[in-house]
Amino acid sequence: MANRDIFKSKIGLILATAGSAVGLGNIWRFPIETGQNGGAAYIIIYVGFILLIGIPVMLAEFVLGRHTHSNPIGAYRRLAPRTPWFLAGCLGVFASLLLLSYYSVVAGWTIEYSYLAIINAFDGGTPEGYKDIFNEFVSDPIIPILCFVVVMLITHFVVVRGVQKGIEKFSMVMMPILLVMMIILVGCSVSLSGAGKGLEYLLNPDFSKINNTTIVNAMGQSFFSLSLGLGVLCTYASYFDEKTNLIKSASTIAAIDTFVAVLSGFMIFPAMFHVGFDANSSEIGSSLIFVTLPNVFHAAFGGIPILGYLFPVVFYVLLIVASVTSTISVLEIIVAFVSEEYKIKRQKASIGIVLISIVLGAFCSLSFGVLGDIKIFELTIFELMDYMVSNILLPLGGVFFSVFVGWKLKRQLVEAELTNNGHLHLPFVRVLIFILRYIAPVAIIIILFNQLNILKL
Ligand code: PHE
């Protein structure tokens, strides 16, 4: 492809890709899942999935993207012309549009919550009060949509600047800030009295809590958190140069993503235990970061003058950063596809996609208020989109990537791509191909069927 942008530096490509992986999945969903599924034992299983299936599927996407230097649909088309394989790419692009729309709605909430933290609105609140603030906000027909539009605009402006000047630069600045902010918050949280109980919960595995649901959830979460299955990683790898060591990059990105997820546990649980919350309590649910945490932060740090104010501010700003580095990766897949396959300028493509996404996202946002009664399969519009993407389209995309690279591509091509044409010595290539052929697709299909209630584990 002529004049295709590439990532300028190794660190840039790692931070940009890790930026996609690190998001609400790490800071919002991971602590909830950990809390609901038995703490450390869940983390061990989660890490197992990252190593056994996550990294191999990530490598499958990398091989496809870097070999073809193309968006996912173009990649399938080039490697399997005149076959229906390109439909697997279409599925990814379609899923990305849905994900971009509903994920950015929640990202928008983090903007409102940062604002509320900055104006000190959480000071002196009561548990009921925090619930009311949240419910009133999400059911409002206008403000959440405005916040969501702000997220879409930031995402748009980063993406139209291009891969090097937009995505790479943005991630090079934002990711280190994110890590530093997190480490400071973890430091504050673990130094609270009673924090030890929270740490123990995160470090002492209780395997009696593990059941089939735990395993299914850990696998789904590892996929979502690594941004697998949609083609984000394939698209980003299409901007890697020939010297990039794919296996090293994948391991580093997975390590950063897992590190941030575990760190967010260290940020949240010690503070929760400090104020007397039980990790299994009903307070750990989807309202964790918007209802429970303002309460926890207030109770834990409220008495400490500057920290009481700064902790929530830094926390919610951190969430904005984490979510926007993810939304840009999702918009990028669709922009890459539209601009490359239809020869439309990136800027025009992005404007069109953002407009469609704003319409879809507005419906999602309104489903917390005026459109709340519209239910499809007993789910609201927002829940339906999340369910379809996280539980169906994402794993399905993962199956297609692993089957395609494991079975359809010539082994020599895969080996050449992973070893940079024989320049790198990689002893695990055979194991990797075995995983992509057998283990990953079978495991993902079992879990997919389980989620769809076709197979009850
Ligand atoms: N990995 C992101 C997160 O953890 C979500 C995401 C999923 C982004 C799939 C892109 C693609 O929040």
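Computed from a prediction, not measured in an experiment: that's the story for all the values here.

Caption draft 1: View of the packing of helix α5 (residues 86-118) against helix α15 (residues 346-366). Their axes nearest at 8 Å, the elements α5 and α15 cross at an angle of 55°. Relative to α15, the element α5 lies oblique. Note on packing geometry: the crossing formed by α5 with α15 is right-handed. Touching L97, L98, L100, S101, Y102 and V105 of α5 are I353, I356, S357, L360, G361, C364 and S365, all from α15. Considered class by class, the residues forming the contact of α5 with α15 number nine nonpolar, four polar and no charged.

Caption draft 2: Just the nonpolar core, in detail. In terms of nonpolar packing, the biggest core is built from 165 residues, with F62 and F315 touching the most fellow members. Tallying contributions element by element places helix α14 (residues 305-341) first for this core, with 19 residues. Setting aside residues up to four positions removed in sequence, F62 forms contacts with T17, H67, L233, A237, F240, L246, S249, A250 and I253.

Caption draft 3: Representation of the environment of A261 within the structure. Structurally, A261 is set in helix α12 (residues 246-274). Along the backbone, A261 and W407 are 146 residues apart, and their C-alpha atoms lie at a distance of 33 Å. In this structure, A261 is in contact with N26 and F30, ignoring residues within four places of it in sequence.

Caption draft 4: Inspection of empty space enclosed by the protein at higher detail. Considering all chains together, one arrives at three cavities of 30 Å³ or more under this definition. Space inside the largest cavity adds up to approximately 150 Å³. Taken together, 18 residues form the lining of the largest cavity, with S20, L99, Y103, F224 and S227 sitting closest to its centre. Sorting the residues of the lining of the largest cavity by element identifies α1 (10-21), α2 (24-36), α5, α10 (212-225) and α14 as the ones contributing at least two each. Examining the composition of the lining of the largest cavity, we find that four residues originate from one element, α14, more than from any other. Partitioning the lining of the largest cavity into residue classes produces nine nonpolar, nine polar and no charged.

Caption draft 5: Layout of the site of the ligand. Lining the immediate surroundings of the ligand are 15 residues, of which A21, G25, Y103, F224 and S227 lie closest. For the ligand, a nitrogen atom lies 3.1 Å from a polar atom in the backbone of S225. Interatomic distance of 2.9 Å between a side-chain N/O atom of S227 and a nitrogen atom of the ligand. Protein burial of the ligand: of its 320 Å² of free accessible surface, 100% is covered by the chains. In a pocket analysis with a 2 Å cut-off to the grid points, the ligand is assigned to the largest cavity. Mapped onto the shell around the ligand, the elements with two or more residues apiece are α1, α2, α5, α10 and α14. Residue contributions to the shell around the ligand peak at three residues, all from α2. When grouped by side-chain class, the residues that make up the shell around the ligand number eight nonpolar, seven polar and no charged.

Analysis parameters
For every chain, the first residue of the written sequence is number 1, and numbering continues from 1 along that sequence. Per-residue local features of the predicted model are confined to residues with pLDDT of at least 70, and side-chain atom pairs are confined, for both listing and counting, to 80 or more; whole-chain, interface and lining totals are unaffected and use all residues. Water and hydrogen atoms were dropped before computing side-chain values, which therefore reflect all heavy atoms in the structure. What counts as an axis is a line fitted to C-alpha atoms, over the stretch in contact for a helix, and the angles between N-to-C directions run from 0 to 180 degrees. Only runs of H or I of at least four residues qualify as helices and only runs of E of at least two qualify as strands under DSSP, and these elements are numbered from the N terminus. For classification purposes, angles smaller than 35 degrees are called roughly parallel, those larger than 145 roughly antiparallel, those between 65 and 115 roughly perpendicular, and all remaining angles oblique. Working rule for handedness: look at the near helix, and if it is turned counterclockwise from the far one by less than a right angle, call the crossing left-handed; if clockwise, right-handed. Throughout, a contact is declared for two residues whenever any of their heavy atoms are within 4.5 Å. Classes in brief: Ala, Val, Leu, Ile, Met, Phe, Trp, Tyr, Cys and Pro nonpolar; Asp, Glu, Lys and Arg charged; the others, Gly included, polar. Buried Ala, Val, Leu, Ile, Met, Phe, Trp, Tyr and Cys residues that are joined via side-chain atoms within 4.5 Å together make up what is termed a nonpolar core. Using a 1.4 Å probe on the protein chains alone, a residue whose accessible area is under 20% of its type maximum counts as buried, one over 50% counts as exposed, and one in between counts as partly exposed. With a 1 Å grid spanning the protein atoms alone, the term cavity applies to any set of points in which a 1.4 Å probe fits but cannot get out, the term pocket to an open set with protein on both sides within 12 Å along at least five of seven lines, and the term lining residue to any residue with an atom within 4 Å of a point. Grid points are joined across faces, edges and corners, and a volume is the space filled by probe spheres set on the points. The rule for a residue being near a molecule or strand is that one of its heavy atoms must lie within 4 Å of it. Here a polar contact is taken to be a pair of N or O atoms separated by no more than 3.5 Å, where protein atoms must pair a possible hydrogen donor with a possible acceptor and residues adjacent in sequence count only if both atoms sit in side chains. Note on areas: these come from Shrake-Rupley sampling with a 1.4 Å probe, and a residue is covered only by the protein chains present in the view. To be counted as sitting in a cavity or pocket, a molecule needs more than half of its atoms within 2 Å of that site's grid points.

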